[in-house]
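Given next are the chains, with one letter for each unit.
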Amino acid sequence: MYSKIMLPVDLNEEASWSKALPTALTLCRTFGASLHVVTVLPDYRMPMVGSYFPKDFAKKAHTAITEALHDFIKEKVPEDIQVQSVTVDGSPWEGIIKAGKKLDVDLIVMASHTKRKFVDYVLGPNAEHVVHHSKVSVMIVR
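From a predicted model like this one, the values you see are computed outputs, not experimental measurements.

**Digging into the overall build of the protein chain**
The helix and strand inventory of the protein chain stands at six helices and five strands. Ordered by position from N to C terminus, the α and β elements of the protein chain give β-α-β-α-α-β-α-β-α-α-β. Here the contacts in the protein chain between residues at least 6 apart in sequence split such that 71% fall between residues at least 24 apart. Accessible surface computed for the protein chain: about 8600 Å², of which carbon and sulfur atoms make up 54%.

Okay, here's the thing in structure tokens:
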């Protein structure tokens, strides 16, 4: 049923993967699917924001987050799972959608974890945007 499963993670928020990762791993094993672990680096290159950061900040940040994602995968994803790490730039939900299209995934498995406002208790702003804008199935794990 699924051949490519994407798991978006926020490496600074354990709640973004603690429940979704086991679900994604089970689905990968069940269907013999590959796992594509995606993290999104906020876009610091906007003219208004970018002027406050050193010129090589984006490159260093991208390198650091990619290394952290590799470490996450080594620690959390068993060796029997075929896995790929992907780092994209932009807003979280747009980056997830962009990565899903580029990777041609069949399913996005993600957690609903933010609790900033009352409405966020229901789903979460990034998860909600992904559900509404994705062209593939999205499984929200609570």
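Okay, back to it.
**Details of the side chain of Ser134**
Here Ser134 shows up in the loop between helix H6 (125–133) and strand S5 (137–141). Once residues within four sequence positions are removed from consideration, Ser134 is found in contact with Ile97 and Ile108.

**Focus on the pairing of strand S4 (residues 107–111)**
Most of S4 sits out of view: five of its five residues are buried. A two-sided burial pattern is seen for S4, the buried positions comprising Leu107, Val109 and Ala111 on one face and Ile108 and Met110 on the other. Here two bridges tie strand S1 (residues 4–8) to S4, and the two strands are oriented parallel to one another. From the neighbouring strand, Met6 faces S4, where its bridge partner is Ile108.

**Digging into the sheet that holds S4**
Spatially, S3-S2-S1-S4-S5 is the arrangement adopted by the five strands of the open sheet, whose pairing is parallel. Of all strands in the sheet, those with a lone pairing partner are strand S3 (83–89) and S5, marking the two edges. Ignoring strand direction, the axes of neighbouring strands in this sheet form an average angle of 25°. Of the pairings in the sheet, the one linking S1 to strand S2 (residues 34–41) comprises five bridges and is parallel in character. The residue of S2 that forms the bridge with Met6 is His36. Sheet strands in contact with helix H1 (residues 20–31) are S1, S2, S4 and S5, and its direction is about 155° off that of S4.

**A look at the pattern of salt bridges**
If you walk through the whole model with that rule in mind, you get two salt bridges. When the shortest N-O distance is used, the salt bridge between Lys76 and Glu75 registers 3.1 Å. We classify Lys76 as partly exposed; its relative accessible area is 30%.

**Focus on the packing of aromatic side chains**
The final tally for this structure, using the stated rule, is two aromatic pairs. With 5.2 Å between their ring centres and 90° between their planes, Tyr2 and Phe31 make a pair best called edge-to-face. Linking Tyr2 in the segment before S1 with Phe31 in helix H1, this pair joins segments that are 29 residues apart in sequence. Accessibility expressed as a relative area gives 16% for Tyr2, which makes it buried.

Criteria and cut-off values
- Residues numbered from 1 in each chain as written.
- Predicted model: local features only at pLDDT ≥ 70, side-chain atom pairs only at ≥ 80, totals over all residues.
- Heavy atoms only, no water.
- Helix = DSSP H or I, 4+ residues; strand = E, 2+ residues; numbered from the N terminus.
- Contact = heavy atoms within 4.5 Å.
- Areas by Shrake-Rupley, 256 points an atom, 1.4 Å probe, with all protein chains shown as cover.
- Buried < 20%, exposed > 50% of the residue type's maximum accessible area, 1.4 Å probe, protein only.
- Pairing = 2+ DSSP bridges.
- Axes fitted to C-alpha atoms, helices over the stretch in contact; angles between N-to-C directions.
- Salt bridge = Lys/Arg side-chain N within 4 Å of Asp/Glu carboxyl O.
- Phe/Tyr/Trp six-rings, centres within 6.5 Å; stacked < 30°, edge-to-face > 60°.

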